[in-house]
Amino acid sequence: MDTFVAIAVGLGLAAACGFRVFVPLLAASVAANMDYLTVAPGFEWLGSPVAMIAFGTATALEVAAYYVPWLDHVLDTVTTPAAVIAGMVASASVLVDVPPLLKWGVVLVGGGGVAGLMQGATVALRAKSGLFTGGLANVAVASIELIGATATAVLAIVLPLVALALVVVLLIVSGRLLRRLARRRV
(Lines give C-alpha, C1' and ligand atoms only; values in the text may rest on other atoms or scores of the structure.)
Protein backbone atom coordinates (compact mmCIF):
# COMPACT_ATOMS: atom_id res chain seq x y z
CA MET A 1 0.00 0.00 0.00
CA ASP A 2 1.36 3.42 -0.93
CA THR A 3 2.41 5.45 2.12
CA PHE A 4 0.07 8.36 1.38
CA VAL A 5 -2.88 6.03 0.83
CA ALA A 6 -2.05 4.15 4.05
CA ILE A 7 -1.99 7.46 5.95
CA ALA A 8 -5.34 8.40 4.39
CA VAL A 9 -6.86 5.07 5.50
CA GLY A 10 -5.43 5.48 8.99
CA LEU A 11 -6.63 9.04 9.45
CA GLY A 12 -10.06 8.17 8.03
CA LEU A 13 -10.46 5.31 10.48
CA ALA A 14 -9.19 7.54 13.32
CA ALA A 15 -11.73 10.23 12.48
CA ALA A 16 -14.48 7.61 12.49
CA CYS A 17 -13.35 6.60 16.00
CA GLY A 18 -14.26 10.12 17.09
CA PHE A 19 -17.88 9.44 16.15
CA ARG A 20 -18.06 5.90 17.57
CA VAL A 21 -15.14 4.05 19.11
CA PHE A 22 -15.86 0.53 17.87
CA VAL A 23 -17.56 1.00 14.48
CA PRO A 24 -14.32 1.73 12.56
CA LEU A 25 -12.46 -1.05 14.38
CA LEU A 26 -15.23 -3.46 13.37
CA ALA A 27 -15.09 -2.22 9.77
CA ALA A 28 -11.30 -2.63 9.69
CA SER A 29 -11.60 -6.08 11.25
CA VAL A 30 -14.12 -7.23 8.64
CA ALA A 31 -12.05 -5.75 5.80
CA ALA A 32 -8.85 -7.37 7.11
CA ASN A 33 -10.62 -10.71 7.56
CA MET A 34 -11.79 -10.56 3.94
CA ASP A 35 -8.23 -9.70 2.81
CA TYR A 36 -9.46 -6.35 1.52
CA LEU A 37 -7.35 -4.39 4.00
CA THR A 38 -3.67 -5.06 4.61
CA VAL A 39 -2.68 -4.65 8.24
CA ALA A 40 0.72 -3.82 9.64
CA PRO A 41 2.88 -6.50 11.24
CA GLY A 42 1.74 -7.10 14.78
CA PHE A 43 -1.87 -6.19 13.94
CA GLU A 44 -2.83 -9.46 12.25
CA TRP A 45 -5.17 -10.13 15.20
CA LEU A 46 -7.41 -7.35 13.89
CA GLY A 47 -8.66 -9.61 11.09
CA SER A 48 -9.32 -12.63 13.27
CA PRO A 49 -12.82 -14.02 13.83
CA VAL A 50 -12.41 -13.43 17.58
CA ALA A 51 -11.64 -9.74 16.98
CA MET A 52 -14.66 -9.41 14.68
CA ILE A 53 -16.94 -10.93 17.32
CA ALA A 54 -15.46 -8.74 20.05
CA PHE A 55 -15.73 -5.56 17.98
CA GLY A 56 -19.23 -6.51 16.82
CA THR A 57 -20.39 -6.99 20.39
CA ALA A 58 -18.72 -3.79 21.57
CA THR A 59 -20.24 -1.89 18.64
CA ALA A 60 -23.75 -3.14 19.42
CA LEU A 61 -23.42 -2.19 23.08
CA GLU A 62 -21.94 1.23 22.30
CA VAL A 63 -24.59 2.06 19.71
CA ALA A 64 -27.42 0.97 22.02
CA ALA A 65 -26.02 2.95 24.96
CA TYR A 66 -25.95 6.18 22.96
CA TYR A 67 -29.71 5.95 22.46
CA VAL A 68 -30.30 6.32 26.21
CA PRO A 69 -30.37 10.11 26.86
CA TRP A 70 -28.66 10.21 30.27
CA LEU A 71 -26.32 7.29 29.55
CA ASP A 72 -24.88 8.95 26.46
CA HIS A 73 -23.46 11.79 28.56
CA VAL A 74 -22.01 9.37 31.12
CA LEU A 75 -20.54 7.30 28.30
CA ASP A 76 -18.72 10.35 26.95
CA THR A 77 -16.43 10.35 29.99
CA VAL A 78 -15.22 6.88 29.02
CA THR A 79 -15.37 7.14 25.24
CA THR A 80 -13.42 10.39 24.99
CA PRO A 81 -10.07 8.85 26.00
CA ALA A 82 -11.09 5.55 24.39
CA ALA A 83 -11.68 7.33 21.06
CA VAL A 84 -8.16 8.75 21.13
CA ILE A 85 -6.67 5.33 21.86
CA ALA A 86 -8.87 3.64 19.24
CA GLY A 87 -7.87 6.29 16.69
CA MET A 88 -4.21 5.56 17.38
CA VAL A 89 -4.74 1.78 17.15
CA ALA A 90 -6.78 2.09 13.95
CA SER A 91 -4.21 4.29 12.25
CA ALA A 92 -1.24 2.19 13.44
CA SER A 93 -2.88 -1.00 12.19
CA VAL A 94 -2.88 0.09 8.54
CA LEU A 95 0.47 1.86 8.28
CA VAL A 96 2.34 -0.88 6.42
CA ASP A 97 5.91 -0.28 5.19
CA VAL A 98 6.03 3.22 6.68
CA PRO A 99 9.28 4.40 8.29
CA PRO A 100 8.95 4.20 12.11
CA LEU A 101 9.37 7.94 12.77
CA LEU A 102 6.65 8.82 10.24
CA LYS A 103 4.41 5.96 11.38
CA TRP A 104 4.43 6.88 15.05
CA GLY A 105 4.17 10.60 14.31
CA VAL A 106 1.06 9.94 12.24
CA VAL A 107 -0.31 7.56 14.88
CA LEU A 108 0.22 9.85 17.88
CA VAL A 109 -0.43 13.27 16.38
CA GLY A 110 -2.68 12.41 13.44
CA GLY A 111 -4.62 9.38 14.64
CA GLY A 112 -5.00 10.43 18.26
CA GLY A 113 -5.49 14.10 17.42
CA VAL A 114 -8.10 13.56 14.72
CA ALA A 115 -10.06 11.11 16.87
CA GLY A 116 -9.86 13.44 19.88
CA LEU A 117 -11.03 16.49 17.95
CA MET A 118 -13.92 14.61 16.36
CA GLN A 119 -14.92 13.15 19.73
CA GLY A 120 -14.75 16.61 21.33
CA ALA A 121 -17.01 18.03 18.66
CA THR A 122 -19.57 15.24 19.06
CA VAL A 123 -19.53 15.59 22.85
CA ALA A 124 -20.13 19.34 22.53
CA LEU A 125 -22.93 18.81 20.01
CA ARG A 126 -24.61 16.20 22.20
CA ALA A 127 -24.30 18.44 25.28
CA LYS A 128 -25.90 21.35 23.40
CA SER A 129 -28.69 19.16 22.04
CA GLY A 130 -29.33 17.77 25.52
CA LEU A 131 -29.39 21.25 27.03
CA PHE A 132 -31.72 22.79 24.45
CA THR A 133 -34.08 19.84 23.94
CA GLY A 134 -33.99 18.12 27.32
CA GLY A 135 -32.41 15.08 25.68
CA LEU A 136 -35.17 14.63 23.09
CA ALA A 137 -32.84 15.35 20.15
CA ASN A 138 -30.13 13.04 21.44
CA VAL A 139 -31.59 10.10 19.52
CA ALA A 140 -31.22 12.06 16.28
CA VAL A 141 -27.69 13.10 17.21
CA ALA A 142 -26.80 9.49 18.06
CA SER A 143 -28.13 8.35 14.68
CA ILE A 144 -26.16 11.02 12.82
CA GLU A 145 -22.99 10.03 14.69
CA LEU A 146 -23.53 6.36 13.85
CA ILE A 147 -24.04 7.19 10.18
CA GLY A 148 -20.96 9.42 10.28
CA ALA A 149 -18.82 6.69 11.87
CA THR A 150 -20.00 4.04 9.43
CA ALA A 151 -19.69 6.20 6.32
CA THR A 152 -16.27 7.55 7.29
CA ALA A 153 -14.91 4.08 8.13
CA VAL A 154 -16.20 2.52 4.92
CA LEU A 155 -14.90 5.45 2.85
CA ALA A 156 -11.51 5.19 4.55
CA ILE A 157 -11.24 1.55 3.52
CA VAL A 158 -12.82 1.75 0.04
CA LEU A 159 -11.94 5.29 -1.11
CA PRO A 160 -9.19 6.50 1.22
CA LEU A 161 -8.37 9.73 -0.63
CA VAL A 162 -12.04 10.76 -0.61
CA ALA A 163 -12.13 9.90 3.09
CA LEU A 164 -9.06 12.06 3.70
CA ALA A 165 -10.78 15.00 2.00
CA LEU A 166 -13.86 14.37 4.16
CA VAL A 167 -11.68 14.27 7.28
CA VAL A 168 -10.20 17.67 6.39
CA VAL A 169 -13.71 19.11 5.99
CA LEU A 170 -14.84 17.50 9.26
CA LEU A 171 -11.81 18.90 11.08
CA ILE A 172 -12.53 22.41 9.81
CA VAL A 173 -16.20 22.19 10.79
CA SER A 174 -15.34 20.66 14.18
CA GLY A 175 -12.70 23.28 14.87
CA ARG A 176 -15.14 26.06 14.11
CA LEU A 177 -17.83 24.46 16.29
CA LEU A 178 -15.45 24.07 19.22
CA ARG A 179 -14.12 27.65 18.85
CA ARG A 180 -17.66 29.00 18.75
CA LEU A 181 -18.59 27.08 21.86
CA ALA A 182 -15.43 28.22 23.66
CA ARG A 183 -16.15 31.89 22.86
CA ARG A 184 -19.67 31.61 24.28
CA ARG A 185 -18.32 30.30 27.60
CA VAL A 186 -15.89 33.18 28.07
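Up top is the structure.
The model shown is predicted, which means the values in this text are computed figures rather than measured ones. Sequence order sets the numbering: in each chain, residues are counted from 1 along the sequence as written. Given that this is a predicted model, residues contribute local features only at a pLDDT of at least 70 and side-chain atom pairs are listed and counted only at 80 or more, while totals for whole chains, interfaces and linings are drawn from all residues. Heavy atoms throughout the structure, all of them, feed into the side-chain values; hydrogens and water do not.

Things to note about the packing of helix H5 (residues 100-133) against helix H6 (residues 138-158)
As a reminder, the rule being used: The axes used here are C-alpha line fits, helices contributing only the stretch in contact, and every angle between their N-to-C directions lies in the interval 0 to 180 degrees. Helix and strand definitions here come from DSSP, where helices need a minimum of 4 consecutive H or I residues and strands a minimum of 2 consecutive E residues; each element is numbered from the N-terminal end. Every angle not falling under 35 degrees, over 145, or within 65 to 115 is termed oblique; those three ranges are roughly parallel, roughly antiparallel and roughly perpendicular. Here is the rule for handedness: rotate from the far helix to the near one, and if that takes an anticlockwise turn smaller than a right angle the crossing is left-handed, while a clockwise turn gives right-handed. Here, two residues are considered to be in contact whenever any of their heavy atoms come within 4.5 Å of each other. Nonpolar residues are Ala, Val, Leu, Ile, Met, Phe, Trp, Tyr, Cys and Pro. Charged residues are Asp, Glu, Lys and Arg, and all others, Gly as well, are polar.
With their axes 9 Å apart at the nearest point, H5 and H6 run at an angle of 160° to one another. By the criterion of interaxial angle, the relationship of H5 to H6 is roughly antiparallel. In this structure, H5 meets H6 at a crossing whose hand is right-handed. Judged by residue contacts, Thr122, Leu125, Arg126, Ser129 and Gly130 of H5 engage Asn138, Val141 and Glu145 from H6. Taken together, the residues of the contact of H5 with H6 sort by class into two nonpolar, four polar and two charged.

What about the layout of surface pockets?
Space left empty within the atom packing is revealed by a probe, the size of a water molecule, rolled over the atoms. The following threshold applies: As defined here, a cavity is a set of points on a 1 Å grid over the protein atoms alone where a 1.4 Å probe fits but cannot get out. A pocket is an open set with protein on both sides within 12 Å along at least five of seven lines, and residues line them when an atom is within 4 Å of a point. Grid points are joined across faces, edges and corners, and a volume is the space filled by probe spheres set on the points.
Space inside the largest pocket adds up to approximately 280 Å³. Among the elements of the structure, H5, H6 and helix H7 (160-185) are those that each provide at least two residues to the lining of the largest pocket. Examining the composition of the lining of the largest pocket, we find that six residues originate from one element, H6, more than from any other. In terms of residue class, the lining of the largest pocket is made up of eleven nonpolar, four polar and one charged.

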